[in-house]
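What the coordinates show
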Amino acid sequence: MKAIIAMLLFTTLCIEVNAQSLIGAWENHHTAKSGEQLKSVSIYTDAYQVTTTYHAETGKFISCKGGSWRLAGNILTEIIEFNTDEAELVGTTLKSKVLISDKNLKIDHIEFTRIDDGKPGKLQGAWLMSGRVRDGEKQIRNTNLPRKTMKIMSGTRFQWIAYDTAKKQFMGTGGGTYSTINGKYTENIEFFSKDDTRVGASLEFNYKVEGEDWIHTGLSSKGDPIHEIWSVRK
């Protein structure tokens, strides 16, 4: 009975679903069959989204999926670009029913709570790695190739994902929270698929936005100097 009442209340509070209302970050806490506490975080930008699941306490990476999206009425349509659990779904289109209120989101049977609405988010949006500067020489990367490194930013959350749509291959991801203060961009790592020991680390970089490019400089998590160029994904 309580579950029925809760569903009725949620449905009553739901507002007309529009694309803008989805933008931001959402989280879901749930328990694995093993009893471990898991956390799923979804980030939606204007046209791209990602959902990642990891251990709530240790940050151990579990799974990741995402790609482009659009909304028509209360039907969410996703074109899958990466999926660690079901790589065969890459390139396919999935449809889900969406219910949303100011602070809650339900996609089919999964419920999320809002983390942010895309603010303050000076870097909010989807970005593609488009170049590097090495030894003073600028190296440009073709962002139209199937092999991509994408960074998705909400108002407070960040995540990068490396993948290849042609090979249906996922190479790695990492993410957590971020801040942008006085030209400094700081990442606080909550999960890192290739190396759990990096969970809990905070990395500070210099950043600036020039037109549609985000210039990112500093030291990597391994201590190596980096000078990256990220471009707005359209």
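For every chain, the first residue of its written sequence is number 1, and the numbers climb from 1 along that sequence. Given that the model is predicted, a residue must reach a pLDDT of at least 70 before its local features are reported, and side-chain atom pairs must reach 80 or more before they are shown or counted; all residues, however, enter totals for whole chains, interfaces and linings. Excluded from the side-chain calculation are hydrogens and water; included are all heavy atoms of the structure.

Thoughts on the nonpolar core
We call a set of buried residues a nonpolar core when its members are Ala, Val, Leu, Ile, Met, Phe, Trp, Tyr or Cys and they connect through side-chain atoms within 4.5 Å of each other. A 1.4 Å probe rolled over the protein chains alone gives each residue an accessible area, and that area as a share of the maximum for its type sets the label: buried under 20%, exposed over 50%, partly exposed in between. Leu123, Trp127, Met153, Phe158, Tyr178, Tyr185 and Trp214 are the most contacted members of the largest nonpolar core, which has 17 residues in total. Runs of E in the DSSP output that reach at least two residues are strands. Runs of H or I that reach at least four are helices, and both are numbered from the N terminus. Residue assignment for this core shows that the elements contributing at least two residues are strand S9 (125–134), strand S12 (157–164), strand S14 (184–192), strand S15 (202–210) and strand S17 (225–232). Any two residues whose heavy atoms approach within 4.5 Å at even a single point are treated as in contact. Setting aside residues no more than four positions away along its own chain, Tyr178 makes contact with Gly121, Lys122, Leu123, Gln124, Met153, Ser154, Gly155, Thr156, Arg157, Phe158, Tyr185 and Thr186. Within the second largest apolar cluster, 16 residues are counted, among which are Val41, Phe82, Met150 and Ile152.

Notes on the pairing of strand S1 (residues 24–31)
Sheet topology note: the S1/strand S2 (residues 37–44) ladder contains eight bridges and is antiparallel. Bridging from a neighbouring strand, Glu27 pairs with Val41 of S2. A loop of five residues connects S1 with S2, the two strands running antiparallel in sequence, and Gly35 in this loop sits at a positive phi of about 95°. Sheet analysis places S1 next to strand S8 (residues 110–116), joined by three bridges and oriented antiparallel. Directly across from Ala25, in S8, lies its bridge partner Asp116. Note on pairing: DSSP must find at least two bridges between two strands before they are called paired.

Some thoughts on the environment of Lys184
Inspection of the secondary structure puts Lys184 in strand S14. Separated by 23 residues in sequence, Lys184 and Tyr207 place their C-alpha atoms 6.0 Å apart. For Lys184, the contacting residues outside a window of four places in its chain are Ser179, Glu204, Phe205, Asn206 and Tyr207.

Quick notes on the pairing of S2
Of all eight residues in S2, seven are buried, a share of seventy percent or more. By the bridge criterion, seven bridges tie S2 to strand S3 (residues 48–55) in an arrangement that is antiparallel. Following the sheet pairing, Leu38 is matched in S3 by His55.

Topic: the pattern of salt bridges
Salt bridges are defined by distance alone: a side-chain nitrogen of Lys or Arg within 4 Å of a carboxyl oxygen of Asp or Glu. Inspection of every chain in the model, using the stated rule, returns nine salt bridges. For the salt bridge of Lys39 with Glu190, the shortest nitrogen-to-oxygen distance reads 3.7 Å. Here Lys39 is found in strand S2, whereas its partner Glu190 is found in strand S14, with 151 residues between them in sequence. Accessibility expressed as a relative area gives 22% for Glu190, which makes it partly exposed. Of the charged contacts in the structure, one is a salt bridge between Arg233 and Glu81, with a shortest N-O distance of 2.9 Å. Here Arg233 is found in the segment after S17, whereas its partner Glu81 is found in strand S5 (residues 75–83), with 152 residues between them in sequence. Each of Glu27, Lys39, Arg157 and Glu190 takes part in one network of salt bridges that share partners.

Side note on the environment of Asn28
By secondary structure assignment, the location of Asn28 is in strand S1. Along the backbone, Asn28 and Ile110 are 82 residues apart, and their C-alpha atoms lie at a distance of 8.0 Å. Sequence-distant contacts of Asn28, that is, excluding residues within four places in its chain, are made with Leu38, Lys39, Ser40, Ile110, Glu111 and Phe112. Counting of polar contacts relies on pairs of N or O atoms within 3.5 Å, with two restrictions inside protein: one atom must be capable of donating a hydrogen and the other of accepting it, and residues adjacent in sequence are counted only when both atoms are side-chain atoms. Side-chain polar atoms of Asn28 contact the side chain of His30, separated by 2.6 Å.

Thoughts on the packing of aromatic side chains
In this scheme Phe, Tyr and Trp rings, the latter by its six-membered ring, pair at centre separations within 6.5 Å, and the angle between planes marks the pair as stacked below 30 degrees, edge-to-face above 60, and tilted otherwise. According to the stated counting rule, one finds 10 aromatic pairs in the structure shown. Between Tyr44 and Trp69 the ring centres are 5.4 Å apart and the planes differ by 90°, which places this aromatic pair in the edge-to-face class. Linking Tyr44 in strand S2 with Trp69 in strand S4 (residues 61–72), this pair joins segments that are 25 residues apart in sequence. In this structure Tyr44 comes out as buried when scored by relative accessible area, which is 2%. With relative accessibility at 7%, the residue Trp69 sits in the buried group. Cluster of aromatic residues (ring-pair linked, three or more members): Trp127, Tyr178, Tyr185, Phe205, Trp214 and Trp230.

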